[in-house]
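Examination of the molecular architecture
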Amino acid sequence: MLLKTYTPVTLENFGGLPEENSRYKDSRAVIFPIPLERTTTYEHGTRNGPGAIIAASRNMETWDEELNVETFAKIGIATLPPIDTAEGTLEKVLAEMHTTELALLSDGKFPVALGGEHSITPPLVSAAAKKFPDLSVLQIDAHADLREAYQGNPASHASAMRRVVEMCPAVQVAIRSLSIEESDALPGLRTKIYWARDIARAPLEKWIPRVVADLSQHVYLTVDLDGFDPAYMPATGTPEPGGLDWYQVTTLIREVAKARKIVAADVVELLPQHGDHASDFLAAKLVYKILGYVFCMS
Ligand SMILES: [Mn+2]
């Protein structure tokens, strides 16, 4: 029985939302925290990403000044408890993610997975591809992540998009780092790359409509936060110079949401740093913006 004698602090949900706006049953969006960190190769700590995003989101203004909407009040945003990624084999954890994503989509929800490392994306995409056979994937990332395997592991973060393009076509935006092996493999892979060097200084109207045109009707969105320039987003494990800024990324997502149906998303690779709150807030606001663009533009 619930005590009624005091006002409880709300649970650690995204946005610090009241219970009536964060019930699973009534929410169209569901935050799915996945603190996976198994194959990280450089700086560690991305397991703390989901917690930092949710903590920042609880101090975020929930009125969207661009869309003139209180997004959460219109759609409801539920937050699942983080999935236990520390116990069991990587295969078991990936299978649980896949099953959960499939269940969320079957319930008609819009899942936003919070990473954690980029290895979470393939099992989520495979769930979305089961529901939406014409699915394509829009990836914003510094890294192509197209290695056949990395350090002997085909489920590595560095192979995430290789697994994805085995399932469905991809459009990769802001890419500026790949290996010779990936470069050689590119012509045979189902992917279109928008190199950071070609778009970072180009007018938005020169490239965003082309990205939209390359996507199918149903789109899975994966944002590796290192797609942003490290000046805006220093808190990642493998930062690369020469990335995109806030308005480039959000305008791209807005235009895709207008012309296509984004059916699920993930935001991955935040590596929270002591004293750097800006990165956590950027990630939190990006998640909220994605929901605004997907649900509140018409
Ligand atoms: Mn990356």
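Structure's up top.
Residues numbered from 1 in each chain as written. Predicted model: local features only at pLDDT ≥ 70, side-chain atom pairs only at ≥ 80, totals over all residues.

1. Focus: the overall build of the chain
- The number of helices and strands found in the chain is ten helices and ten strands.
- Here the C-alpha radius of gyration of the chain, 18 Å, is about what a compact globule of 298 residues would show, namely 19 Å.
- Reported as C-alpha extents along the three principal axes, the dimensions of the chain are approximately 65 × 45 × 40 Å.
- Counting only residues that meet the buried cut, the chain has 49% of its 298 residues in that class.
- Residue pairs in contact within the chain that sit at least 24 positions apart in sequence constitute 77% of those at least 6 positions apart. (Helix = DSSP H or I, 4+ residues; strand = E, 2+ residues; numbered from the N terminus. Rg over C-alpha atoms; globule rule 2.2 N^0.38 Å. Buried ≥ 20, exposed ≤ 12 C-beta atoms within 10 Å, placed from the backbone. Contact = placed C-beta atoms within 7 Å.)

2. Let's talk about helix H3 (residues 90–106)
- In a regular helix each residue adds 1.5 Å, so 17 residues correspond to 24 Å; H3 covers 24 Å between its end C-alpha atoms and thus fits that length.
- Among all positions in H3, only Val93, Leu94, Met97, Thr100, Glu101, Leu104 and Leu105 are buried. Buried residues of H3, viewed axially, fall in a sector of 135°; they line one side. H3 presents Glu91, Lys92, Thr99, Ala103 and Ser106 as exposed residues on the side facing more than 90 degrees away from its buried surface.
- In the core, the buried residues of H3 are packed alongside strand E1 (29–34), strand E5 (110–115), helix H4 (121–131) and strand E10 (261–268).
- Where H3 terminates, the next one or two residues include Gly108, which has phi positive at roughly 80°. (Expected span 1.5 Å × (residues − 1). Arc of directions from axis to C-beta.)

3. Details of the sheet that holds strand E6 (residues 136–140)
- Strand order in this open sheet of eight strands is E4-E1-E5-E10-E9-E6-E7-E8, and the pairing throughout is parallel. The strands lining the two open edges of the sheet, one partner per strand, are strand E4 (77–79) and strand E8 (191–195). Each strand of the sheet is rotated relative to its neighbour by a mean of 20°, with strand direction disregarded.
- Sheet topology note: the E6/strand E7 (residues 170–175) ladder contains four bridges and is parallel. In the sheet register, Gln139 faces E7, and the bridge partner there is Gln172.
- Packing against the sheet, helix H5 (residues 160–167) makes contact with E6, E7 and E8, and its axis sits at approximately 155° to E7. (Pairing = 2+ DSSP bridges. Axes fitted to C-alpha atoms, helices over the stretch in contact; angles between N-to-C directions.)

4. What about the nonpolar core?
- Counting 83 residues, the largest nonpolar core has Ile53, Val112, Val267, Ala283, Val287 and Ile290 as the members making the most contacts within it.
- Element by element, the count of residues in this core is highest for helix H10 (residues 277–295), at eleven residues.
- Once residues lying within four places of it in the same chain are set aside, the contact partners of Val267 are Val112, Leu114, Gly115, Val223, Leu225, Ala283, Leu286 and Val287. (Core = buried A, V, L, I, M, F, W, Y, C linked by C-beta atoms within 7 Å.)

5. Focus: the pairing of E6
- With five of its five residues buried, E6 lies for the most part within the structure.
- Pairing analysis gives five bridges linking E6 to strand E9 (residues 218–224), with the strands arranged parallel. For Gln139, the partnering residue across the bridge sits in E9 and is Thr222.
- For the crossover from E6 across H5 to E7, the handedness is right-handed. (Right-handed = clockwise from strand over helix to strand, strands pointing away.)

6. Some words on the environment of Ala213
- Residue position: Ala213 is located in helix H8 (residues 204–214).
- Residues Ala213 and Ala284 lie 71 residues apart in sequence; the distance between their C-alpha atoms is 28 Å.

7. A few points about the environment of Asp84
- Locating Asp84 in the fold gives a position in the loop between E4 and H3.
- The sequence separation of Asp84 and Asn68 amounts to 16 residues, and the corresponding C-alpha distance is 37 Å.

8. A few points about the packing of H3 against H4
- Contact pair H3 / H4: the axes reach a minimum separation of 8 Å and the direction vectors enclose 35°. Handedness of the H3/H4 crossing: right-handed. For the pair formed by H3 and H4, the contact residues are Leu94, Met97, His98, Glu101, Leu102 and Leu105 on the first element and Pro123, Leu124, Ser126, Ala127, Ala128, Lys130 and Lys131 on the second.
- A breakdown of the residues in the contact of H3 with H4 according to their chemical character gives eight nonpolar, two polar and three charged. (Left-handed = near helix turned anticlockwise from the far one by under 90°. Nonpolar A, V, L, I, M, F, W, Y, C, P; charged D, E, K, R; others polar.)

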